[in-house]
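# Descriptive analysis of the structure
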Amino acid sequence: MHKQKIGVIGGGLMGHGIAYLLAAAGHEVGVFEPDAQVRGSLPQRLRAIADLLGDDAELIARIAAHDQMAPAVRNAGFVFEAAPEKLPLKQRIFAELESAVAPDTILASNSSAIPATEIGRDLKHRERVIGTHFWNPPHLVPLVEVIQNEKTNDAVVRATLDLLRDAGKTAVHVRRDVPGFVGNRLQHAMKREAFALVAAGVCDAETIDIVVKEGFGARTAVLGPMEQSDLVGLDLALDIADVLYAHLDRTAAAPSILREKIKAGKLGMKSGEGLRKWGPGEADAVRARLSRFLAEQAKARKKRST
Ligand SMILES: NC(=O)c1ccc[n+]([C@@H]2O[C@H](COP(=O)([O-])OP(=O)(O)OC[C@H]3O[C@@H](n4cnc5c(N)ncnc54)[C@H](O)[C@@H]3O)[C@@H](O)[C@H]2O)c1
């Protein structure tokens, strides 16, 4: 794949990781970040990724931070937008991008929930607007969902998949721009059931986590739910669905247990209590465990591919 100029809009949590992985793949990256403090912390955050992955920090020289959009995206073949999750803001950014880049520059949004269809609604060239849903942290979690909408050109989908795969990501093609795409629909279907089980007193939050991590989660990284259904046989899958599905939670609204906890000031790790209590150091230990685990996996993947 030829090395090219790539723009990243927003140098926050997702933007700096996306910039890093594209620079690691050999591209020149321009990051537009309007907040001086966030922009100033970019080199240090990028170095921390290089340290974590054991990469040569030289690659960071391929990333330039800008306080204006135009220089960040000048001559870019792709632009990845990772600005705050607000539709009017993203629409303004895309309108500004349209006047700053070539008509065939691919414009990708990393929105978690807002369809790129809506973000690019008023653009002249909608065929180059696409969703690219990275997972946090984007430099460590392999998956990117590449979401085609009804206006996206097939060649744009192919070019986006190629770029991301060449950068070492596992990029999948999502053929319709549905809310939550694929990954978040699956994740939140499970969470809805988990919240319902805790609210009904079937078990506590800690038990949910143990059941997932030590039960089906222990094999999920190597056996997806479709493979698992074929493995046990669709006749058994049907028998289970016949008995179980009528009992699964189907509430359309967000779970009231979340509203109640929030009203009581229990926001999770940041307030010391959420679905469970978090004592001193416990939340940091979870974050460190996650980061170590993902970094080890990323390093092992890199070793396998070289
Ligand atoms: N955090 C996650 O786990 C996650 C996962 C997947 C997708 N996303 C999506 O990625 C996007 C970015 O999320 P984040 O977590 O990196 O947020 P963030 O707040 O860490 O970063 C957003 C950055 O955009 C900057 N910004 C504000 N206005 C801007 C503008 N007009 N132009 C350019 N930059 C601007 C902010 O200063 C900030 O640094 C959101 O759409 C979010 O939904 C987040």
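Before reading further, recall that the structure is shown in the block above.
Description of the structure in this document. Because the structure is predicted, anything quoted here is derived from the model rather than measured. (Residues numbered from 1 in each chain as written. Predicted model: local features only at pLDDT ≥ 70, side-chain atom pairs only at ≥ 80, totals over all residues. Heavy atoms only, no water.)

## A few points about the packing of aromatic side chains
As a reminder of what qualifies: The pairing test for Phe, Tyr and Trp rings, Trp by its six-membered ring, is centres within 6.5 Å, and the orientation test on the planes gives stacked under 30 degrees, edge-to-face over 60, and tilted for anything in between. The rule is simple: take the accessible area with a 1.4 Å probe, protein chains only, and divide by the maximum for that residue type; under 20% is buried, over 50% is exposed, in between is partly exposed.
Tallying each qualifying case throughout the model produces 2 aromatic pairs. Ring centres of Phe78 and Phe80 lie 6.0 Å apart, and the angle between their planes is 5°; this geometry places the pair in the stacked category. With respect to class, Phe78 is no different from Phe80; both count as buried. An angle of 75° between the planes, with centres 5.9 Å apart, marks the rings of Phe80 and Phe134 as edge-to-face.

## Things to note about the pattern of salt bridges
Under the convention used in this document: By definition, a salt bridge exists where a carboxyl oxygen of Asp or Glu is found within 4 Å of a side-chain nitrogen of Lys or Arg.
A complete count under the given rule lists 10 salt bridges for this structure. The residue Glu85 makes a salt bridge to Lys90 at a minimum N-O spacing of 3.8 Å. Judged by its relative accessible area of 37%, Glu85 is partly exposed. Judged by its relative accessible area of 1%, Lys90 falls in the buried class.

## A short note on the sheet that holds strand β4 (residues 78–81)
Rules: Pairing between strands is defined by DSSP: at least two bridges between them are needed. Working definition: helices are DSSP H or I runs of at least four residues, strands are E runs of at least two. Numbering for both runs from the N terminus. Between the N-to-C directions of two axes lies an angle of 0 to 180 degrees, each axis being a line fitted to C-alpha atoms and, for a helix, fitted only over the stretch in contact. We call two residues in contact when some of their heavy atoms are within 4.5 Å.
Strand order in the open sheet formed by 8 strands is β3-β2-β1-β4-β5-β6-β7-β8, and the pairing between neighbours is mixed. Only two strands of the sheet have a single neighbouring strand rather than two, namely β3 (63–66) and β8 (170–174). Strand-to-strand twist of the sheet, defined as the mean angle between neighbouring strand axes without regard to direction, takes the value 25°. Relative to strand β7 (residues 143–147), strand β6 (residues 129–134) is paired through 4 bridges, and the arrangement is antiparallel. Residue pairing in the sheet places Thr132 in a bridge with Val146 of β7. Docked against the sheet, helix α7 (residues 154–166) engages β1 (5–9), β4, β5 (106–109), β6, β7 and β8, running at close to 160° with respect to β8.

## Some words on the environment of Val157
Within the secondary structure, Val157 sits in helix α7. What makes Val157 buried here is its relative accessible area of 4%. Val157 sits 107 residues away from Ala50 along the chain, and the two C-alpha atoms are 29 Å apart. Filtering out sequence-adjacent residues up to four positions away, Val157 remains in contact with Ile130, Val146, Gln148, Thr152 and His173.

## Observations concerning the side chain of Thr160
Mapped onto the fold, Thr160 is located in helix α7. Residue classification places Thr160 among the buried positions, given a relative accessible area of 0%. With residues up to four places along the chain from it excluded, the contact list for Thr160 reads Phe78, Ile106, Ile130, Thr132 and Val146.

## Quick notes on empty space enclosed by the protein
Stated formally: Cavities and pockets are defined on a 1 Å grid built over the protein atoms alone: a cavity is a set of grid points where a 1.4 Å probe fits but cannot escape, while a pocket is an open set with protein on both sides within 12 Å along at least five of seven lines, and lining residues are those with an atom within 4 Å of any such point. Grid points are joined across faces, edges and corners, and a volume is the space filled by probe spheres set on the points. Here the nonpolar group is Ala, Val, Leu, Ile, Met, Phe, Trp, Tyr, Cys and Pro; Asp, Glu, Lys and Arg are the charged ones; every other residue, Gly included, is treated as polar.
Throughout the structure, instances matching the rule amount to 1 cavity of 30 Å³ or more. Ala116, Thr117, Gly120, Arg121, Arg126, Val129, Asn149 and Lys151 are the residues that line the largest cavity. When the residues that make up the lining of the largest cavity are grouped by side-chain class, the tally is 2 nonpolar, 3 polar and 3 charged.

## What to know about the packing of helix α1 (residues 13–24) against helix α3 (residues 42–53)
Convention followed: To sort the angles, those under 35 degrees are grouped as roughly parallel, those over 145 as roughly antiparallel, those from 65 to 115 as roughly perpendicular, and the leftovers as oblique. Handedness of a crossing follows from how the near helix is turned relative to the far one, being left-handed for an anticlockwise turn of less than a right angle and right-handed for a clockwise one.
Running from N to C, α1 and α3 cross one another at 60°; their axes reach a closest spacing of 10 Å. Taken as axis vectors, α1 and α3 run oblique relative to one another. The handedness of the crossing between α1 and α3 comes out as right-handed. Across the interface between the two elements, Leu13, His16, Gly17 and Tyr20 of α1 pack against Leu42, Arg45, Leu46, Ile49, Ala50 and Leu53 of α3. Its residues placed into classes, the contact of α1 with α3 shows 7 nonpolar, 2 polar and 1 charged.

## Some points on the pairing of β7
Note the following rule: With the strands aimed away from the viewer, a crossover counts as right-handed if its path from the first strand over the helix to the second runs clockwise.
Most of β7 sits out of view: 4 of its 5 residues are buried. Where β7 and β8 come together, 5 bridges link them in parallel fashion. Bridging across to β8, Ile147 finds its partner in Val174. Handedness of the crossover is the feature at issue here: the chain leaves β7, passes through α7, returns alongside β8, and the resulting connection is right-handed.

## Let's talk about the side chain of Thr117
Along the polypeptide, Thr117 turns up in helix α6 (residues 116–119). A relative accessible area of 19% means that Thr117 is categorised as buried.

## Focus: the layout of surface pockets
Roughly 480 Å³ of internal volume is contained in the second largest pocket. Along its surface, the second largest pocket is lined by 21 residues, and Ala24, His139, Ala167, Gly168 and Lys302 are the ones closest to its centre. Among the secondary structure elements, those contributing two or more residues to the lining of the second largest pocket are α1 and α14 (282–305). Per element, the largest residue contribution to the lining of the second largest pocket is 5 residues, and it comes from α14.

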